Amino acid sequence: MDQDTSSEQETPPPPPKTKLGGWRAIAYILVNETFEKVASMSLIANMIVYLRTHYNLGGVFTVNVTTIWSGSSNITSLFGAFIADTFLGKYRTLLFGSISSLLGMLGMTLTVSMPSLTPPKCKDLASNCPQPHKWQLAFLFVSLGFLSIGAGGIRPCNIAFGADQFDTRTPKIRATLEKFFNWWYFAFTIALLIALTVVVWVQTNVSWILGFVIPTLFLVISISIFLIGRHTYIRKKPQGSIFIDMIKVIVASWKKRRLTILPNYDPPLYDPPMDKANLHLKLDPTDRFKFINKAAMIADPDEVDAQGKAKNTWRLCSLQQVEELKCLVAIAPVWVSGISCFIVMDQQSAFGILQAIQMNRQIGSHFEVPPAWMGLTSMIALSTWILIYEISSIHLAKRSTRKPSRLSFHQRIGIGIFMSILCMIVAAIVEKERRGAALKHGTFVSPKSVAWLLPQFVLSGLVEAFAAIAVMEFYTTQMPENMRTIAGAVFFISLSVASYISSLLINIIHVVTKRKGGVPWLGGRDLNRNRLDYWYIIVAGLAVLNLLYFTFVASRFAKNQIHSSTAKNLIEDETDDEERGMEMRNTRTQVE
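Residues numbered from 1 in each chain as written. Predicted model: local features only at pLDDT ≥ 70, side-chain atom pairs only at ≥ 80, totals over all residues. Heavy atoms only, no water.

Draft legend 1. Structural detail: helix 4 (residues 59–113). With 55 residues, helix 4 should cover 81 Å at 1.5 Å per step; its first-to-last C-alpha distance of 24 Å lies more than 12% under that length. At L88, helix 4 is bent by approximately 120°, the largest bend along its length. (Helix = DSSP H or I, 4+ residues; strand = E, 2+ residues; numbered from the N terminus. Expected span 1.5 Å × (residues − 1). Bend = angle between axes of the 7 residues up to and from the residue.)

Draft legend 2. The arrangement of helix 13 (residues 409–441) in detail. In this model helix 13 runs 48 Å from its N-terminal to its C-terminal C-alpha over 33 residues, within 8% of the 48 Å that 1.5 Å per residue would give. The positive-phi residue at the C-terminal boundary of helix 13 is G442, with phi of around 65°.

Draft legend 3. Broad picture of the environment of K432. Among the secondary structure elements, K432 is positioned in helix 13. Each C-alpha atom of the pair K432 and R531 lies 8.2 Å from the other, and the pair is 99 residues apart in sequence.

Draft legend 4. The nonpolar core, seen in detail. Core analysis: the largest hydrophobic core is formed by 119 residues, its most contacted members being M108, F351 and W535. With sequence-adjacent residues up to four places away left out, F351 is seen in contact with V63, I506, L522, L532, W535 and Y536. The next biggest cluster of nonpolar side chains, apart from the first, holds nine residues, and it includes A195, V200, A372 and M379. (Core = buried A, V, L, I, M, F, W, Y, C linked by side-chain atoms within 4.5 Å. Buried < 20%, exposed > 50% of the residue type's maximum accessible area, 1.4 Å probe, protein only. Contact = heavy atoms within 4.5 Å.)

Draft legend 5. Region of interest: the packing of aromatic side chains. Summed over all chains, the structure comprises 16 aromatic pairs. With a centroid separation of 5.9 Å and 75° between ring planes, the pair formed by Y50 and Y55 is classed as edge-to-face. An identical accessibility class is assigned to Y50 and Y55; each is buried. With a centroid separation of 5.1 Å and 75° between ring planes, the pair formed by W521 and Y534 is classed as edge-to-face. You can see W521 sitting in the loop between helix 15 (484–515) and helix 16 (532–558) and its partner Y534 sitting in helix 16, a full 13 residues away along the chain. Using a relative accessible area of 36% as the deciding quantity, one classes Y534 as partly exposed. Members of the aromatic cluster, each reached through a chain of ring pairs, are Y50, Y55, W208 and F212. Here the guanidinium or amino end of R257 rests over the ring plane of W254, the centre of that ring lying 4.0 Å away. (Phe/Tyr/Trp six-rings, centres within 6.5 Å; stacked < 30°, edge-to-face > 60°. Lys NZ or Arg CZ within 6 Å of the ring centre and 35° of its normal.)

So far we have only geometry, and geometry alone does not tell us how the molecule works.
Here it is as C-alpha coordinates:
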(Lines give C-alpha, C1' and ligand atoms only; values in the text may rest on other atoms or scores of the structure.)
Protein backbone atom coordinates (compact mmCIF):
# COMPACT_ATOMS: atom_id res chain seq x y z
CA MET A 1 0.00 0.00 0.00
CA ASP A 2 2.86 2.37 0.86
CA GLN A 3 4.59 1.45 -2.38
CA ASP A 4 1.62 2.69 -4.41
CA THR A 5 1.44 6.00 -2.54
CA SER A 6 4.09 7.67 -4.68
CA SER A 7 2.32 6.76 -7.88
CA GLU A 8 -1.04 7.97 -6.52
CA GLN A 9 0.48 11.29 -5.49
CA GLU A 10 1.96 12.04 -8.88
CA THR A 11 1.04 15.44 -10.28
CA PRO A 12 -1.96 15.11 -12.61
CA PRO A 13 -1.47 16.23 -16.21
CA PRO A 14 -2.31 19.89 -16.87
CA PRO A 15 -5.74 20.56 -18.35
CA PRO A 16 -5.77 21.05 -22.12
CA LYS A 17 -5.40 24.64 -23.23
CA THR A 18 -8.51 26.39 -24.41
CA LYS A 19 -8.64 26.54 -28.18
CA LEU A 20 -8.04 30.07 -29.38
CA GLY A 21 -9.79 31.84 -32.20
CA GLY A 22 -12.88 30.65 -34.04
CA TRP A 23 -16.43 31.84 -33.53
CA ARG A 24 -16.01 32.27 -29.77
CA ALA A 25 -13.44 35.00 -30.38
CA ILE A 26 -15.45 36.40 -33.29
CA ALA A 27 -18.47 36.94 -31.02
CA TYR A 28 -16.48 39.37 -28.86
CA ILE A 29 -15.02 41.11 -31.91
CA LEU A 30 -18.40 41.58 -33.62
CA VAL A 31 -20.08 42.95 -30.48
CA ASN A 32 -17.12 45.27 -29.92
CA GLU A 33 -17.27 46.42 -33.54
CA THR A 34 -21.02 47.11 -33.39
CA PHE A 35 -20.80 49.30 -30.27
CA GLU A 36 -17.75 51.15 -31.63
CA LYS A 37 -19.45 51.88 -34.94
CA VAL A 38 -22.62 53.15 -33.24
CA ALA A 39 -20.46 55.57 -31.26
CA SER A 40 -18.36 56.83 -34.17
CA MET A 41 -21.09 57.02 -36.83
CA SER A 42 -23.55 58.86 -34.58
CA LEU A 43 -20.97 61.63 -34.26
CA ILE A 44 -19.93 61.67 -37.93
CA ALA A 45 -23.52 61.74 -39.22
CA ASN A 46 -24.54 64.81 -37.21
CA MET A 47 -21.26 66.77 -37.12
CA ILE A 48 -22.43 69.39 -39.64
CA VAL A 49 -25.55 70.12 -37.61
CA TYR A 50 -23.57 70.26 -34.34
CA LEU A 51 -21.02 72.75 -35.68
CA ARG A 52 -23.77 74.98 -37.07
CA THR A 53 -25.95 74.98 -33.95
CA HIS A 54 -23.31 74.99 -31.17
CA TYR A 55 -20.29 76.75 -32.73
CA ASN A 56 -22.23 79.13 -35.03
CA LEU A 57 -19.82 78.36 -37.87
CA GLY A 58 -20.43 79.42 -41.46
CA GLY A 59 -20.93 77.05 -44.37
CA VAL A 60 -17.38 76.98 -45.76
CA PHE A 61 -15.71 76.68 -42.36
CA THR A 62 -18.13 73.94 -41.31
CA VAL A 63 -17.51 71.95 -44.48
CA ASN A 64 -13.75 72.45 -44.13
CA VAL A 65 -13.77 71.08 -40.58
CA THR A 66 -15.82 68.02 -41.48
CA THR A 67 -14.00 67.18 -44.73
CA ILE A 68 -10.51 67.66 -43.28
CA TRP A 69 -11.44 65.68 -40.18
CA SER A 70 -12.89 62.91 -42.37
CA GLY A 71 -9.79 62.93 -44.58
CA SER A 72 -7.47 62.82 -41.57
CA SER A 73 -9.41 59.93 -40.05
CA ASN A 74 -8.87 57.97 -43.26
CA ILE A 75 -5.21 58.83 -43.81
CA THR A 76 -4.28 57.88 -40.23
CA SER A 77 -5.38 54.37 -41.22
CA LEU A 78 -2.19 54.17 -43.27
CA PHE A 79 -0.07 54.85 -40.18
CA GLY A 80 -2.25 52.53 -38.11
CA ALA A 81 -1.64 49.67 -40.52
CA PHE A 82 2.10 50.36 -40.46
CA ILE A 83 2.25 50.41 -36.65
CA ALA A 84 0.17 47.22 -36.38
CA ASP A 85 2.27 45.32 -38.94
CA THR A 86 5.63 46.54 -37.65
CA PHE A 87 5.44 47.16 -33.90
CA LEU A 88 2.27 46.59 -31.89
CA GLY A 89 0.27 43.93 -33.69
CA LYS A 90 -3.45 44.19 -34.47
CA TYR A 91 -4.76 43.51 -30.95
CA ARG A 92 -2.85 46.27 -29.18
CA THR A 93 -3.35 48.69 -32.08
CA LEU A 94 -7.11 48.12 -31.85
CA LEU A 95 -7.04 48.57 -28.08
CA PHE A 96 -5.02 51.81 -28.17
CA GLY A 97 -7.13 53.08 -31.06
CA SER A 98 -10.32 52.45 -29.07
CA ILE A 99 -8.90 54.27 -26.04
CA SER A 100 -7.95 57.25 -28.23
CA SER A 101 -11.48 57.33 -29.67
CA LEU A 102 -12.88 57.27 -26.14
CA LEU A 103 -10.73 60.26 -25.15
CA GLY A 104 -11.95 62.13 -28.25
CA MET A 105 -15.57 61.26 -27.49
CA LEU A 106 -15.16 62.41 -23.89
CA GLY A 107 -13.79 65.71 -25.20
CA MET A 108 -16.76 66.15 -27.53
CA THR A 109 -19.14 65.36 -24.66
CA LEU A 110 -17.46 68.09 -22.59
CA THR A 111 -17.98 70.63 -25.39
CA VAL A 112 -21.72 70.06 -25.29
CA SER A 113 -21.88 69.80 -21.48
CA MET A 114 -19.82 72.84 -20.48
CA PRO A 115 -21.15 76.14 -21.93
CA SER A 116 -17.73 77.79 -21.51
CA LEU A 117 -16.29 75.52 -24.25
CA THR A 118 -18.65 76.88 -26.94
CA PRO A 119 -19.80 80.40 -27.94
CA PRO A 120 -23.19 81.72 -26.77
CA LYS A 121 -26.08 79.97 -28.46
CA CYS A 122 -27.60 81.78 -31.43
CA LYS A 123 -31.36 81.42 -31.81
CA ASP A 124 -31.57 82.74 -35.38
CA LEU A 125 -29.20 80.84 -37.70
CA ALA A 126 -29.57 83.52 -40.36
CA SER A 127 -28.22 86.33 -38.15
CA ASN A 128 -24.64 87.28 -37.33
CA CYS A 129 -23.96 85.01 -34.39
CA PRO A 130 -20.99 85.24 -31.96
CA GLN A 131 -18.07 83.18 -33.19
CA PRO A 132 -16.01 80.79 -31.04
CA HIS A 133 -12.71 81.85 -29.47
CA LYS A 134 -9.51 80.30 -30.76
CA TRP A 135 -9.02 78.29 -27.58
CA GLN A 136 -12.56 76.89 -27.91
CA LEU A 137 -11.80 75.78 -31.46
CA ALA A 138 -8.46 74.37 -30.25
CA PHE A 139 -10.26 72.16 -27.70
CA LEU A 140 -12.67 71.01 -30.43
CA PHE A 141 -9.82 70.20 -32.84
CA VAL A 142 -7.87 68.28 -30.16
CA SER A 143 -10.96 66.16 -29.46
CA LEU A 144 -11.45 65.50 -33.19
CA GLY A 145 -7.72 64.71 -33.42
CA PHE A 146 -8.05 61.96 -30.80
CA LEU A 147 -10.99 60.56 -32.77
CA SER A 148 -8.92 60.58 -35.98
CA ILE A 149 -6.03 58.79 -34.25
CA GLY A 150 -8.48 56.24 -32.88
CA ALA A 151 -9.98 55.67 -36.32
CA GLY A 152 -6.46 55.14 -37.68
CA GLY A 153 -5.93 52.30 -35.23
CA ILE A 154 -9.36 50.71 -35.61
CA ARG A 155 -10.20 50.85 -39.32
CA PRO A 156 -7.24 48.95 -40.83
CA CYS A 157 -7.23 46.29 -38.10
CA ASN A 158 -10.81 45.36 -37.21
CA ILE A 159 -11.61 43.12 -40.20
CA ALA A 160 -8.02 41.83 -40.42
CA PHE A 161 -7.99 40.90 -36.72
CA GLY A 162 -11.27 39.01 -37.14
CA ALA A 163 -9.87 37.15 -40.17
CA ASP A 164 -6.83 36.17 -38.06
CA GLN A 165 -9.12 34.05 -35.86
CA PHE A 166 -9.50 31.50 -38.68
CA ASP A 167 -6.94 29.18 -40.26
CA THR A 168 -7.69 29.68 -43.94
CA ARG A 169 -5.49 26.86 -45.22
CA THR A 170 -8.50 24.55 -45.64
CA PRO A 171 -11.50 25.14 -47.95
CA LYS A 172 -13.95 24.57 -45.08
CA ILE A 173 -12.43 27.34 -42.96
CA ARG A 174 -12.24 29.65 -45.98
CA ALA A 175 -16.01 29.24 -46.33
CA THR A 176 -16.37 30.04 -42.62
CA LEU A 177 -14.33 33.17 -43.15
CA GLU A 178 -16.83 34.31 -45.79
CA LYS A 179 -19.56 33.97 -43.16
CA PHE A 180 -17.54 36.20 -40.87
CA PHE A 181 -17.39 38.92 -43.53
CA ASN A 182 -21.16 38.68 -44.01
CA TRP A 183 -21.75 38.96 -40.27
CA TRP A 184 -19.29 41.85 -40.04
CA TYR A 185 -21.18 43.81 -42.69
CA PHE A 186 -24.44 42.90 -41.00
CA ALA A 187 -23.15 44.27 -37.68
CA PHE A 188 -21.90 47.38 -39.48
CA THR A 189 -25.33 47.93 -41.05
CA ILE A 190 -27.11 47.50 -37.70
CA ALA A 191 -24.71 50.00 -36.14
CA LEU A 192 -25.41 52.50 -38.92
CA LEU A 193 -29.16 52.12 -38.53
CA ILE A 194 -28.97 52.71 -34.78
CA ALA A 195 -26.59 55.65 -35.17
CA LEU A 196 -28.54 57.36 -37.97
CA THR A 197 -31.98 56.86 -36.41
CA VAL A 198 -32.03 56.53 -32.64
CA VAL A 199 -28.90 58.43 -31.58
CA VAL A 200 -29.23 61.19 -34.20
CA TRP A 201 -32.89 61.67 -33.26
CA VAL A 202 -31.95 61.98 -29.57
CA GLN A 203 -29.26 64.54 -30.44
CA THR A 204 -31.56 66.65 -32.61
CA ASN A 205 -34.88 66.41 -30.76
CA VAL A 206 -34.16 65.46 -27.13
CA SER A 207 -30.75 66.56 -25.86
CA TRP A 208 -27.30 66.96 -27.39
CA ILE A 209 -25.78 66.10 -24.02
CA LEU A 210 -27.64 62.78 -23.89
CA GLY A 211 -26.93 62.28 -27.58
CA PHE A 212 -23.17 62.47 -26.89
CA VAL A 213 -23.27 60.56 -23.60
CA ILE A 214 -24.87 57.55 -25.33
CA PRO A 215 -22.02 56.99 -27.87
CA THR A 216 -19.47 57.63 -25.11
CA LEU A 217 -21.03 54.85 -23.02
CA PHE A 218 -21.13 52.66 -26.11
CA LEU A 219 -17.38 53.12 -26.51
CA VAL A 220 -16.82 52.16 -22.86
CA ILE A 221 -18.91 49.01 -23.43
CA SER A 222 -17.03 48.31 -26.66
CA ILE A 223 -13.61 48.45 -24.97
CA SER A 224 -14.85 46.39 -22.01
CA ILE A 225 -16.18 43.59 -24.24
CA PHE A 226 -12.98 43.63 -26.28
CA LEU A 227 -10.90 43.17 -23.12
CA ILE A 228 -13.20 40.46 -21.71
CA GLY A 229 -12.52 38.35 -24.80
CA ARG A 230 -8.73 38.87 -24.70
CA HIS A 231 -8.04 35.25 -23.63
CA THR A 232 -9.86 33.87 -26.70
CA TYR A 233 -8.02 35.77 -29.42
CA ILE A 234 -5.32 34.53 -31.76
CA ARG A 235 -2.74 37.32 -31.69
CA LYS A 236 -0.32 37.12 -34.56
CA LYS A 237 3.02 38.78 -34.02
CA PRO A 238 3.92 41.74 -36.24
CA GLN A 239 5.82 40.50 -39.29
CA GLY A 240 7.08 43.83 -40.57
CA SER A 241 5.40 46.25 -42.88
CA ILE A 242 5.22 45.70 -46.62
CA PHE A 243 5.26 49.51 -46.93
CA ILE A 244 8.97 49.43 -46.00
CA ASP A 245 9.64 46.79 -48.66
CA MET A 246 8.05 48.99 -51.29
CA ILE A 247 10.07 51.99 -50.20
CA LYS A 248 13.19 49.82 -50.48
CA VAL A 249 12.28 48.90 -54.08
CA ILE A 250 11.81 52.58 -54.98
CA VAL A 251 15.15 53.53 -53.37
CA ALA A 252 17.01 50.62 -54.98
CA SER A 253 15.58 51.31 -58.44
CA TRP A 254 16.57 54.98 -58.09
CA LYS A 255 20.13 54.06 -57.07
CA LYS A 256 20.40 51.82 -60.15
CA ARG A 257 18.55 54.14 -62.52
CA ARG A 258 21.62 54.44 -64.79
CA LEU A 259 21.75 50.69 -65.45
CA THR A 260 20.39 49.35 -68.71
CA ILE A 261 17.97 46.42 -68.77
CA LEU A 262 19.02 44.01 -71.55
CA PRO A 263 16.58 41.57 -73.18
CA ASN A 264 18.41 38.56 -71.72
CA TYR A 265 18.48 40.13 -68.24
CA ASP A 266 22.23 40.49 -67.96
CA PRO A 267 23.00 41.25 -65.19
CA PRO A 268 20.60 38.68 -63.71
CA LEU A 269 17.67 39.46 -61.42
CA TYR A 270 17.73 38.57 -57.73
CA ASP A 271 15.01 35.92 -57.19
CA PRO A 272 15.67 33.91 -54.01
CA PRO A 273 13.47 30.86 -53.30
CA MET A 274 10.48 31.41 -51.03
CA ASP A 275 9.50 29.33 -48.01
CA LYS A 276 7.05 26.53 -48.73
CA ALA A 277 4.55 28.15 -46.37
CA ASN A 278 4.54 31.31 -48.50
CA LEU A 279 5.00 29.68 -51.91
CA HIS A 280 1.34 30.28 -52.78
CA LEU A 281 2.02 34.02 -52.57
CA LYS A 282 4.62 33.90 -55.34
CA LEU A 283 3.89 36.38 -58.13
CA ASP A 284 4.57 35.63 -61.76
CA PRO A 285 7.25 37.85 -63.34
CA THR A 286 5.87 40.45 -65.76
CA ASP A 287 7.30 42.82 -68.36
CA ARG A 288 5.17 45.81 -67.32
CA PHE A 289 6.91 48.75 -65.65
CA LYS A 290 10.29 47.20 -66.49
CA PHE A 291 12.19 50.18 -65.06
CA ILE A 292 11.25 48.93 -61.58
CA ASN A 293 13.13 45.69 -62.33
CA LYS A 294 16.39 47.60 -61.84
CA ALA A 295 15.89 47.21 -58.08
CA ALA A 296 16.38 43.44 -58.50
CA MET A 297 19.38 43.62 -60.87
CA ILE A 298 22.57 42.15 -59.41
CA ALA A 299 24.96 44.78 -60.73
CA ASP A 300 27.84 43.55 -58.53
CA PRO A 301 28.37 39.93 -57.31
CA ASP A 302 29.33 41.35 -53.90
CA GLU A 303 25.70 42.45 -53.42
CA VAL A 304 24.90 38.82 -52.53
CA ASP A 305 26.50 36.87 -49.67
CA ALA A 306 27.58 33.22 -49.63
CA GLN A 307 24.06 32.07 -48.71
CA GLY A 308 22.58 33.89 -51.70
CA LYS A 309 20.99 36.66 -49.62
CA ALA A 310 21.17 40.38 -50.34
CA LYS A 311 23.72 42.16 -48.17
CA ASN A 312 22.03 45.56 -48.46
CA THR A 313 18.26 45.32 -48.87
CA TRP A 314 18.11 49.04 -49.67
CA ARG A 315 20.19 48.43 -52.80
CA LEU A 316 19.11 44.96 -53.91
CA CYS A 317 15.51 43.78 -53.66
CA SER A 318 13.96 40.46 -54.63
CA LEU A 319 11.92 40.00 -57.79
CA GLN A 320 8.94 39.23 -55.54
CA GLN A 321 9.22 42.65 -53.89
CA VAL A 322 9.47 44.27 -57.32
CA GLU A 323 6.32 42.53 -58.56
CA GLU A 324 4.45 43.57 -55.39
CA LEU A 325 5.25 47.21 -56.10
CA LYS A 326 4.12 46.71 -59.71
CA CYS A 327 0.74 45.54 -58.39
CA LEU A 328 0.41 48.83 -56.53
CA VAL A 329 1.49 50.92 -59.54
CA ALA A 330 -0.97 49.05 -61.80
CA ILE A 331 -4.01 50.15 -59.78
CA ALA A 332 -3.00 53.85 -59.77
CA PRO A 333 -5.08 54.84 -62.86
CA VAL A 334 -8.24 53.32 -61.35
CA TRP A 335 -7.34 54.92 -58.00
CA VAL A 336 -7.45 58.37 -59.63
CA SER A 337 -10.93 57.71 -61.04
CA GLY A 338 -12.16 56.57 -57.64
CA ILE A 339 -11.15 59.87 -56.03
CA SER A 340 -13.56 61.86 -58.24
CA CYS A 341 -16.46 59.59 -57.24
CA PHE A 342 -15.66 60.06 -53.56
CA ILE A 343 -15.62 63.86 -54.03
CA VAL A 344 -19.24 63.65 -55.21
CA MET A 345 -20.19 61.52 -52.20
CA ASP A 346 -18.55 64.08 -49.88
CA GLN A 347 -20.86 66.84 -51.15
CA GLN A 348 -23.98 65.08 -49.88
CA SER A 349 -22.54 64.41 -46.42
CA ALA A 350 -21.65 68.12 -46.15
CA PHE A 351 -23.63 70.53 -48.34
CA GLY A 352 -26.54 68.09 -48.66
CA ILE A 353 -27.05 68.28 -44.88
CA LEU A 354 -26.81 72.09 -45.00
CA GLN A 355 -29.56 72.07 -47.63
CA ALA A 356 -31.72 69.90 -45.35
CA ILE A 357 -31.29 72.39 -42.49
CA GLN A 358 -32.85 75.12 -44.65
CA MET A 359 -35.82 73.10 -45.94
CA ASN A 360 -39.23 72.20 -44.59
CA ARG A 361 -38.65 69.09 -42.49
CA GLN A 362 -42.06 68.83 -40.87
CA ILE A 363 -44.02 65.58 -41.08
CA GLY A 364 -47.40 66.22 -39.55
CA SER A 365 -47.69 68.72 -36.73
CA HIS A 366 -45.41 67.11 -34.15
CA PHE A 367 -42.46 65.50 -35.94
CA GLU A 368 -39.49 67.14 -37.65
CA VAL A 369 -37.03 65.07 -39.69
CA PRO A 370 -33.43 65.40 -38.38
CA PRO A 371 -31.16 66.62 -41.23
CA ALA A 372 -28.70 63.76 -40.67
CA TRP A 373 -31.44 61.27 -41.48
CA MET A 374 -30.92 62.07 -45.15
CA GLY A 375 -27.87 59.82 -44.98
CA LEU A 376 -30.27 56.91 -44.41
CA THR A 377 -31.53 57.42 -47.95
CA SER A 378 -28.08 56.73 -49.41
CA MET A 379 -27.64 53.67 -47.22
CA ILE A 380 -31.04 52.26 -48.14
CA ALA A 381 -30.33 52.83 -51.85
CA LEU A 382 -26.98 51.07 -51.48
CA SER A 383 -28.47 48.09 -49.62
CA THR A 384 -31.44 47.80 -51.98
CA TRP A 385 -29.23 47.68 -55.05
CA ILE A 386 -26.97 45.02 -53.51
CA LEU A 387 -30.00 42.86 -52.67
CA ILE A 388 -31.47 43.27 -56.17
CA TYR A 389 -28.11 42.59 -57.80
CA GLU A 390 -27.10 39.60 -55.68
CA ILE A 391 -30.50 37.93 -55.30
CA SER A 392 -32.39 38.77 -58.47
CA SER A 393 -30.08 39.74 -61.33
CA ILE A 394 -27.30 37.20 -60.79
CA HIS A 395 -29.62 34.28 -60.03
CA LEU A 396 -31.88 35.04 -62.99
CA ALA A 397 -28.85 35.20 -65.29
CA LYS A 398 -27.55 31.97 -63.77
CA ARG A 399 -30.82 30.19 -64.51
CA SER A 400 -30.88 31.29 -68.14
CA THR A 401 -27.18 30.90 -68.99
CA ARG A 402 -26.23 28.20 -66.45
CA LYS A 403 -23.39 30.50 -65.35
CA PRO A 404 -23.30 33.33 -62.82
CA SER A 405 -23.22 36.65 -64.70
CA ARG A 406 -21.67 39.59 -62.86
CA LEU A 407 -20.89 43.08 -64.07
CA SER A 408 -17.16 43.56 -64.57
CA PHE A 409 -15.04 46.05 -62.64
CA HIS A 410 -14.85 48.56 -65.46
CA GLN A 411 -18.61 48.31 -66.10
CA ARG A 412 -19.52 48.98 -62.46
CA ILE A 413 -17.01 51.80 -62.06
CA GLY A 414 -18.18 53.39 -65.31
CA ILE A 415 -21.82 53.22 -64.21
CA GLY A 416 -20.84 54.70 -60.84
CA ILE A 417 -19.10 57.64 -62.50
CA PHE A 418 -22.16 58.25 -64.70
CA MET A 419 -24.33 58.17 -61.55
CA SER A 420 -22.03 60.77 -59.96
CA ILE A 421 -22.68 63.14 -62.89
CA LEU A 422 -26.44 62.67 -62.53
CA CYS A 423 -26.18 63.16 -58.76
CA MET A 424 -24.57 66.59 -59.11
CA ILE A 425 -26.91 67.73 -61.89
CA VAL A 426 -29.97 66.74 -59.84
CA ALA A 427 -28.47 68.40 -56.73
CA ALA A 428 -27.95 71.64 -58.69
CA ILE A 429 -31.57 71.64 -59.95
CA VAL A 430 -32.95 70.94 -56.47
CA GLU A 431 -30.80 73.68 -54.90
CA LYS A 432 -31.96 76.19 -57.49
CA GLU A 433 -35.59 75.35 -56.67
CA ARG A 434 -34.95 75.40 -52.90
CA ARG A 435 -33.20 78.77 -53.00
CA GLY A 436 -35.73 80.31 -55.37
CA ALA A 437 -38.65 79.34 -53.14
CA ALA A 438 -36.88 80.71 -50.02
CA LEU A 439 -36.12 84.05 -51.71
CA LYS A 440 -39.66 84.30 -53.06
CA HIS A 441 -41.14 83.93 -49.58
CA GLY A 442 -38.35 85.88 -47.85
CA THR A 443 -37.63 83.10 -45.36
CA PHE A 444 -34.46 81.44 -44.09
CA VAL A 445 -36.06 77.99 -44.33
CA SER A 446 -37.38 77.19 -47.79
CA PRO A 447 -41.00 76.02 -47.99
CA LYS A 448 -39.80 73.20 -50.26
CA SER A 449 -40.06 69.82 -48.56
CA VAL A 450 -36.89 68.01 -47.57
CA ALA A 451 -38.19 65.15 -49.72
CA TRP A 452 -36.83 67.08 -52.72
CA LEU A 453 -33.36 65.99 -51.57
CA LEU A 454 -34.16 62.27 -51.78
CA PRO A 455 -33.14 61.81 -55.47
CA GLN A 456 -29.64 63.24 -55.01
CA PHE A 457 -29.04 61.17 -51.86
CA VAL A 458 -30.32 58.04 -53.65
CA LEU A 459 -27.94 58.71 -56.53
CA SER A 460 -25.09 59.22 -54.04
CA GLY A 461 -25.87 55.80 -52.56
CA LEU A 462 -25.82 54.28 -56.05
CA VAL A 463 -22.43 55.89 -56.73
CA GLU A 464 -21.14 54.04 -53.68
CA ALA A 465 -22.94 50.82 -54.65
CA PHE A 466 -21.39 50.76 -58.13
CA ALA A 467 -18.10 52.64 -58.00
CA ALA A 468 -16.87 52.52 -54.40
CA ILE A 469 -17.52 48.80 -53.87
CA ALA A 470 -16.09 47.92 -57.30
CA VAL A 471 -12.96 50.00 -56.65
CA MET A 472 -12.38 48.31 -53.28
CA GLU A 473 -12.96 44.87 -54.83
CA PHE A 474 -10.59 45.74 -57.68
CA TYR A 475 -7.84 46.72 -55.24
CA THR A 476 -8.29 43.49 -53.29
CA THR A 477 -8.29 41.12 -56.26
CA GLN A 478 -5.29 42.79 -57.90
CA MET A 479 -3.20 42.29 -54.77
CA PRO A 480 -1.71 39.03 -53.47
CA GLU A 481 -2.90 37.76 -50.10
CA ASN A 482 -0.05 39.37 -48.14
CA MET A 483 -0.92 42.80 -49.59
CA ARG A 484 -4.59 42.90 -48.56
CA THR A 485 -3.83 45.48 -45.86
CA ILE A 486 -2.24 47.61 -48.61
CA ALA A 487 -5.51 47.41 -50.59
CA GLY A 488 -7.47 48.69 -47.60
CA ALA A 489 -4.93 51.43 -46.93
CA VAL A 490 -4.99 52.57 -50.57
CA PHE A 491 -8.79 52.75 -50.43
CA PHE A 492 -8.74 54.90 -47.28
CA ILE A 493 -6.03 57.13 -48.78
CA SER A 494 -8.25 57.78 -51.80
CA LEU A 495 -11.05 58.83 -49.42
CA SER A 496 -8.61 61.18 -47.68
CA VAL A 497 -7.36 62.70 -50.93
CA ALA A 498 -10.97 63.21 -52.07
CA SER A 499 -11.78 65.07 -48.83
CA TYR A 500 -8.68 67.27 -49.08
CA ILE A 501 -9.25 68.08 -52.77
CA SER A 502 -12.90 68.88 -52.06
CA SER A 503 -11.91 71.23 -49.22
CA LEU A 504 -9.25 72.90 -51.42
CA LEU A 505 -11.66 73.47 -54.31
CA ILE A 506 -14.33 74.84 -51.97
CA ASN A 507 -11.89 77.40 -50.57
CA ILE A 508 -10.66 78.39 -54.03
CA ILE A 509 -14.21 78.91 -55.30
CA HIS A 510 -15.11 80.86 -52.14
CA VAL A 511 -12.11 83.21 -52.46
CA VAL A 512 -12.44 83.74 -56.23
CA THR A 513 -16.18 84.45 -56.24
CA LYS A 514 -15.91 86.69 -53.16
CA ARG A 515 -13.24 88.86 -54.80
CA LYS A 516 -15.44 89.67 -57.78
CA GLY A 517 -17.78 91.61 -55.52
CA GLY A 518 -20.84 89.66 -56.55
CA VAL A 519 -22.75 86.95 -54.70
CA PRO A 520 -20.25 84.41 -53.31
CA TRP A 521 -21.07 80.92 -54.43
CA LEU A 522 -20.11 79.40 -51.10
CA GLY A 523 -19.66 80.63 -47.54
CA GLY A 524 -21.69 82.38 -44.90
CA ARG A 525 -24.42 81.02 -42.69
CA ASP A 526 -27.28 81.35 -45.17
CA LEU A 527 -27.35 79.21 -48.32
CA ASN A 528 -29.98 81.55 -49.73
CA ARG A 529 -27.26 84.20 -50.17
CA ASN A 530 -24.95 81.76 -51.98
CA ARG A 531 -24.99 79.91 -55.29
CA LEU A 532 -24.47 76.34 -54.20
CA ASP A 533 -26.08 75.19 -57.46
CA TYR A 534 -23.14 76.65 -59.40
CA TRP A 535 -20.72 74.68 -57.23
CA TYR A 536 -22.65 71.48 -57.93
CA ILE A 537 -22.35 72.15 -61.68
CA ILE A 538 -18.56 72.51 -61.32
CA VAL A 539 -18.36 69.16 -59.52
CA ALA A 540 -20.55 67.64 -62.25
CA GLY A 541 -18.07 68.98 -64.82
CA LEU A 542 -15.21 67.31 -62.96
CA ALA A 543 -17.21 64.07 -63.00
CA VAL A 544 -17.63 64.38 -66.79
CA LEU A 545 -13.86 64.75 -67.17
CA ASN A 546 -13.43 61.72 -64.93
CA LEU A 547 -15.78 59.69 -67.14
CA LEU A 548 -13.73 60.60 -70.23
CA TYR A 549 -10.47 59.77 -68.41
CA PHE A 550 -11.82 56.45 -67.19
CA THR A 551 -13.28 55.49 -70.57
CA PHE A 552 -10.12 56.15 -72.57
CA VAL A 553 -7.37 55.52 -69.98
CA ALA A 554 -8.19 53.87 -66.67
CA SER A 555 -10.71 51.31 -67.95
CA ARG A 556 -7.90 49.45 -69.72
CA PHE A 557 -6.30 48.81 -66.35
CA ALA A 558 -9.63 47.81 -64.80
CA LYS A 559 -9.98 45.12 -67.49
CA ASN A 560 -6.59 43.57 -66.69
CA GLN A 561 -6.52 39.99 -65.55
CA ILE A 562 -5.67 39.18 -61.96
CA HIS A 563 -1.90 39.17 -61.50
CA SER A 564 -1.69 37.04 -58.38
CA SER A 565 -1.27 33.33 -59.03
CA THR A 566 -3.24 32.69 -55.84
CA ALA A 567 -6.22 34.61 -57.13
CA LYS A 568 -5.99 32.83 -60.47
CA ASN A 569 -6.05 29.43 -58.76
CA LEU A 570 -8.96 30.53 -56.61
CA ILE A 571 -11.01 31.53 -59.66
CA GLU A 572 -10.12 28.27 -61.40
CA ASP A 573 -11.16 26.29 -58.32
CA GLU A 574 -14.46 28.18 -58.13
CA THR A 575 -15.07 27.56 -61.85
CA ASP A 576 -14.33 23.85 -61.46
CA ASP A 577 -16.65 23.65 -58.45
CA GLU A 578 -19.38 25.40 -60.41
CA GLU A 579 -18.98 23.05 -63.38
CA ARG A 580 -18.98 19.99 -61.13
CA GLY A 581 -22.13 21.25 -59.40
CA MET A 582 -23.86 21.70 -62.78
CA GLU A 583 -22.86 18.21 -63.85
CA MET A 584 -24.30 16.74 -60.63
CA ARG A 585 -27.57 18.65 -61.08
CA ASN A 586 -27.83 17.52 -64.74
CA THR A 587 -27.18 13.91 -63.74
CA ARG A 588 -29.79 14.07 -60.97
CA THR A 589 -32.31 15.55 -63.41
CA GLN A 590 -31.72 12.74 -65.93
CA VAL A 591 -32.18 10.09 -63.23
CA GLU A 592 -35.44 11.65 -62.06
